[in-house]
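Single-letter residue listing:
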Amino acid sequence: MTNDNTHIVSILKLCGIDVSIENVVINSIQKKILAYPNPDGTIRWMWDAESTKPLFLKFYGVIGWKSKLFSAFVQLLFVLKLQKIIAKKCVAIYLDTENLEKYKSLLGAEWALFTGTPGKLRKAVITIHKKSESVFLKIPLTDAAKNIVALESKNLSMLEKLQLQNSIVPKGIMHGISLQQTDVSQYCSHRSSVFGNSHLLSMIEFFEKTNHKKSLSSTLFWQIIEKNIAILINSNPHPDILIWNELLKNLMDEKNKIDVSAEQQFCLAHADLTAWNCYCDDSKLYIYDWELAIEDAPVLYDLFHFHIQGNCLLGNQSFEQIEVKLNQVLQSEKVKAFCKTNNIDVELNLKLYLLYHVSVSLCWYAEQKDLHLQVQWLTALWNKYLVEK
């Protein structure tokens, strides 16, 4: 049995469906599962061979022209019932009568599975489409992932109480260790790589609903920065990040310049807001993946993350390219008026965003053996921002 086969069996068992790769039960029923690989050959997406919808595209950020072309090609293959062309592998699973009923009840035929990003926070995610509803099921595959899935459930409960108007978020419910949440793409399926009016209205709404003023030193946000930098000082540099020591030195230099006693505004931030974590129309932002939310965040945290993290990972855009896009938003009349009215220090907000996000990310990377290419892009960009800004 290959690792990929073992993975699909273990994920389905976590859903309460007992399956086998081998036909060991008398009168067992075979189901065929199709799969699409990662660049390294491991399985990325899986779906029922009888599925008529390419639901795995819900895990795919359809934003640029290349992704739109791929999405259109995949959808055409499904219309023509040629989906096996896109599948690189077919896995046969076997179920007895009882587990076949569980399979049909929970998943049906219209589902797709994202096997998860390797690492200590690895989660499998299943999107399930039925006539009455479309939902996602997040299944933690590590102990650390269990904690963060439970935290997201708590965050969704908190968000529901805010009675948001411009920001649409999923409703969630725990099933054992897994989190089921509504699929916000039912209401809007348009993505944009531009921080537009709906993004701004959402950011302002979160500020109006959750803003509070306190000293930086009293926030959990600052305490996490201090803790992470202390961990990094005592960690060995990751061999795949050649500028590790330089990046850490620049982080410490910026940290030491901050006046932690001064009071300033904080509010709730999504903390991983990118073009692929939300949908948008003219006035509303439909946001999901709330597991990293920060209650004591600098007001402009999500705005900076959307531009810096988002544009770097969308085609490895340069510091100069990102700065043009970021400054267009910061210099817009609405953002300038918002910052002036609420006494928001833009430069300080940027420094605090970098201190938090970079220190958290480096702590994650320190625990990983192999890092993906995008880490090189990100660390170089972060270092440039720390030096230039």
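Use the structure listed above.
The present account deals with the structure reproduced in this document. (Residues numbered from 1 in each chain as written. Predicted model: local features only at pLDDT ≥ 70, side-chain atom pairs only at ≥ 80, totals over all residues. Heavy atoms only, no water.)

Things to note about the nonpolar core
Then step 1. Of all hydrophobic cores here, the largest spans 76 residues; its most connected members are Leu159, Tyr301, Phe304, Ile308, Leu362 and Tyr385.
Then step 2. Considering each element in turn, this core owes the most residues, 11 residues, to helix H11 (residues 346-366).
Then step 3. Ignoring sequence-local partners within four residues, the contact set of tyrosine 301 consists of Phe221, Ala269, Ala271, Ile294, Tyr353, Tyr356 and His357.
Then step 4. Formed by 26 residues, the second largest nonpolar core is a distinct cluster that contains Ile8, Tyr103, Trp111 and Ile126. (Core = buried A, V, L, I, M, F, W, Y, C linked by side-chain atoms within 4.5 Å. Buried < 20%, exposed > 50% of the residue type's maximum accessible area, 1.4 Å probe, protein only. Helix = DSSP H or I, 4+ residues; strand = E, 2+ residues; numbered from the N terminus. Contact = heavy atoms within 4.5 Å.)

Some thoughts on the environment of leucine 378
Then step 1. Tracing the sequence through the fold places leucine 378 in helix H12 (residues 373-388).
Then step 2. Judged by relative accessible area, leucine 378 falls into the buried class, the value being 2%.
Then step 3. Put simply, leucine 378 and cysteine 312 are 66 residues apart on the chain and 6.6 Å apart in space, counted from C-alpha to C-alpha.
Then step 4. Setting aside anything within four residues of it in sequence, one finds leucine 378 in contact with Gln309, Cys312, Leu313 and Tyr365.

Describing the packing of helix H9 (residues 319-330) against H12
Then step 1. Two elements in contact, H9 and H12, have axes separated by 11 Å at closest approach and are oriented at 65°. Judged by the angle between their axes, H9 and H12 are roughly perpendicular. Seen from above, H9 lies across H12 with right-handed handedness. Between H9, through Phe319, Glu320, Ile322, Glu323 and Leu326, and H12, the contact on the second element is made entirely by Leu381, Lys384, Tyr385 and Glu388.
Then step 2. Taken together, the residues of the contact of H9 with H12 sort by class into five nonpolar, no polar and four charged. (Axes fitted to C-alpha atoms, helices over the stretch in contact; angles between N-to-C directions. Parallel < 35°, antiparallel > 145°, perpendicular 65-115°, else oblique. Left-handed = near helix turned anticlockwise from the far one by under 90°. Nonpolar A, V, L, I, M, F, W, Y, C, P; charged D, E, K, R; others polar.)

Details of the sheet that holds strand S11 (residues 263-269)
Then step 1. Across the sheet, three strands lie side by side as S10-S11-S14; this open sheet has antiparallel pairing. What marks the edges here is a single partner per strand, and that holds for strand S10 (212-215) and strand S14 (294-298). In this sheet, neighbouring strand axes are inclined to one another by 50° on average, regardless of whether the strands run parallel or antiparallel. (Pairing = 2+ DSSP bridges.)

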